[in-house]
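Now for the letters of each chain:
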Amino acid sequence: MKMTAAGDAMIFRRLPGAYPGFEDVRDFIARGDMRFCNLETTVHRYETFAAAVSGGSWFCAPPEVLEDMRAFGFNALSAANNHAMDYSHAGLLKTLAYIRGAGFVCAGTGATLAEAAAPAYLDTLQGRFALIGACSTFHPDAMAGQQTRAMPGRPGLNGVRHRTVYRLPEAHLRALREIADAVMVNAETDIVRAEGYAPPIPENEAAFGDLRFEQADAPGRRTCVHEADMRRVEKSIREARFMADYVVVAMHAHEARARSKEEPAAFCEEFARRCIDAGAHAVIGTGPHLLRPIEIYRGCPIFYSLGDFILQLETIERAPADMYEKQGMTGQEGLDALFDARSGGGKRGLYYSRVMFESVVPFWEAENGVLTRLELLPVELGFGLPRSTGGWPRPAPSSGILERLAAMSAPYGTKIRVRDGVGTVEL
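Because the structure is predicted, anything quoted here is derived from the model rather than measured.

A. Local environment of the overall build of the chain. Scanning the chain from N- to C-terminus turns up eleven helices and 24 strands. The C-alpha radius of gyration of the chain comes to 22 Å, within 12% of the 22 Å expected for a compact globule of 427 residues. Judged by the C-alpha coordinates and their principal axes, the chain covers about 65 × 55 × 50 Å. Burial analysis of the chain (427 residues in total) assigns 53% to the buried set. Residue pairs at least 24 apart in sequence account for 72% of intrachain contacts in the chain once pairs closer than 6 positions are excluded. Total accessible area on the chain is roughly 18600 Å²; 51% of this is exposed by carbon and sulfur atoms.

B. Broad picture of helix α5 (residues 170-183). Between its first and last C-alpha, α5 extends 20 Å over 14 residues, near the 20 Å set by a 1.5 Å rise per residue. Among the residues making up α5, those that are buried are Leu173, Leu176 and Ala180. In a view along the axis of α5, the buried residues occupy a sector of 55 degrees, so they form one face of it. Turned more than 90 degrees away from the buried face of α5, the exposed residues are Glu178, Asp181 and Ala182.

C. Broad picture of the sheet that holds strand β12 (residues 205-208). Strand order in the open sheet formed by four strands is β12-β13-β11-β14, with mixed pairing between adjacent strands. Unpaired on one side and paired on the other, β12 and β14 (220-225) mark the two borders of the sheet. Strand-to-strand, the axes of this sheet are offset by a mean angle of 30 degrees, without reference to chain direction. Relative to β14, strand β11 (residues 162-168) runs antiparallel, the two being bridged by six bridges. The partner of Tyr166 across the bridge, within β14, is Arg221.

D. Here's a closer look at the sheet that holds strand β15 (residues 246-252). Read from one edge to the other, the open sheet built from six strands follows the order β8-β9-β15-β16-β18-β17, with strand pairing classed as mixed. Only two strands of the sheet have a single partner each, and these edge strands are β8 (120-124) and β17 (294-297). Taken pair by pair, the neighbouring strands of this sheet meet at an average axis angle of 20 degrees, ignoring direction. Sitting on the sheet, helix α7 (residues 227-243) touches β8, β9 (127-135) and β15, and the angle it makes with β9 is about 170 degrees.

E. The arrangement of the packing of aromatic side chains in detail. Taken as a whole and assessed by the stated rule, the structure comprises 17 aromatic pairs. Ring plane angle 65 degrees and centroid distance 5.1 Å describe the contact between Phe22 and Phe72, whose orientation is recorded as edge-to-face. Placement of the pair is Phe22 in helix α1 (residues 22-29) and Phe72 in helix α2 (residues 65-72), with a sequence separation of 50 residues. Exposure remark for Phe72: the relative accessible area of 0% places this residue in the buried category. Aromatic pair Tyr166 and Phe213: ring centres 5.5 Å apart, planes at 35 degrees, arrangement tilted. In this pair, Tyr166 is assigned in strand β11 and Phe213 in strand β13 (residues 211-215), connecting sequence segments 47 residues apart. In this structure an aromatic cluster arises from ring pairing among Tyr19, Phe22, Phe72, Phe74, Phe309 and Trp392. The aromatic ring of Phe104 is capped on one face by Arg70, whose charged end is 4.1 Å from the ring centroid.

F. Fine view of the state of the cysteines. In total, this model carries zero disulfides according to the counting rule given. Left unpaired, Cys60 is separated from the closest cysteine sulfur, that of Cys106, by 16 Å. Residue classification places Cys60 among the buried positions, given a relative accessible area of 4%. The thiol sulfur of Cys275 is not disulfide-bonded, and the nearest other cysteine sulfur, from Cys268, lies at 11 Å.

Each value, and the rule that gives it
- Residues numbered from 1 in each chain as written.
- Predicted model: local features only at pLDDT ≥ 70, side-chain atom pairs only at ≥ 80, totals over all residues.
- Heavy atoms only, no water.
- Helix = DSSP H or I, 4+ residues; strand = E, 2+ residues; numbered from the N terminus.
- Rg over C-alpha atoms; globule rule 2.2 N^0.38 Å.
- Buried < 20%, exposed > 50% of the residue type's maximum accessible area, 1.4 Å probe, protein only.
- Contact = heavy atoms within 4.5 Å.
- Areas by Shrake-Rupley, 256 points an atom, 1.4 Å probe, with all protein chains shown as cover.
- Expected span 1.5 Å × (residues − 1).
- Arc of directions from axis to C-beta.
- Pairing = 2+ DSSP bridges.
- Axes fitted to C-alpha atoms, helices over the stretch in contact; angles between N-to-C directions.
- Phe/Tyr/Trp six-rings, centres within 6.5 Å; stacked < 30°, edge-to-face > 60°.
- Lys NZ or Arg CZ within 6 Å of the ring centre and 35° of its normal.
- Disulfide = S-S within 2.5 Å.

Here it is as structure tokens:
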């Protein structure tokens, strides 16, 4: 069975045609039976209002961009990402309707939590693929709700929450408690705990607002996946293994281990490996808008992030007042002024960092679920080109992308050999 995959498609404009490099990327993607991409936008015609919070910007694309995703060759999408609810529940449901109407297999969002968590299936002549979508970076309101005997479910995404606990030596922990008491940062939650509406804090831990600290020999931080959310994903994997020949989990996660965005958070590693342990054959990470390492775990590929595949961040057609207010503006200004304010005059943000325009498209083969071949096509999205023409992927054989990916993947035991502009993972 053969697969190709791409990272985040922040697509808001129509494909102008076969631009230089398009056919090479399209033909590489076409090698897969299942051809996956994360669609990081809502899809509709602004028929609904914007949500009060968003994934950063408020993303919306015309339904015709799905024809362009098809032109690249994709046949499977994940809609579970931090922009899924940019236009509230109605925007999510309209997006799903347009995606399904265009004939794509899609996973990760739904009218209920059960629908959002369910595997989506793609039948090919080589066998049946299953796709499960999940997301760890989201506002709590974006998570889908479970239907019960008495209540309907709630539209949203298949959320995978995580717990972060900071570690401090005993003396620092004691000082933190004293500061918390002095400024009364925990006053309201202390009342809630005293009334029995929240569990007590263990003796070896301390709270500082929403942050939790535990006693340790040295300062640090640990993250772990939410157990109930993990079990829900594992249940979907088991069901998918029964129904399909090859199971893919797509995980959208921005969270980093420390100050480097290239290092996945510890819970991301835990999540991916537990997915493989539960029976998944591959885990595809997206989210941080740059490349993260590749790990081969128990003969299965884990891509911690494939980076951006299409990046048209500053060409959205509309923005709600909330987006202007975040920049201290009134909402009467133009989009040029809005993006100029946010980027500091073109000096910061995703659109002004070269690594955000660098990605890879992997192609791999598996026999009886075991990886037998993995190739990597480096692509570049036109960094420095005008907004009107940049953001589309094209091969970048001499860019150093593969060498950088090889260096960050080496600590995971992954060896990438670069030859003739293509990377090959040594298995």
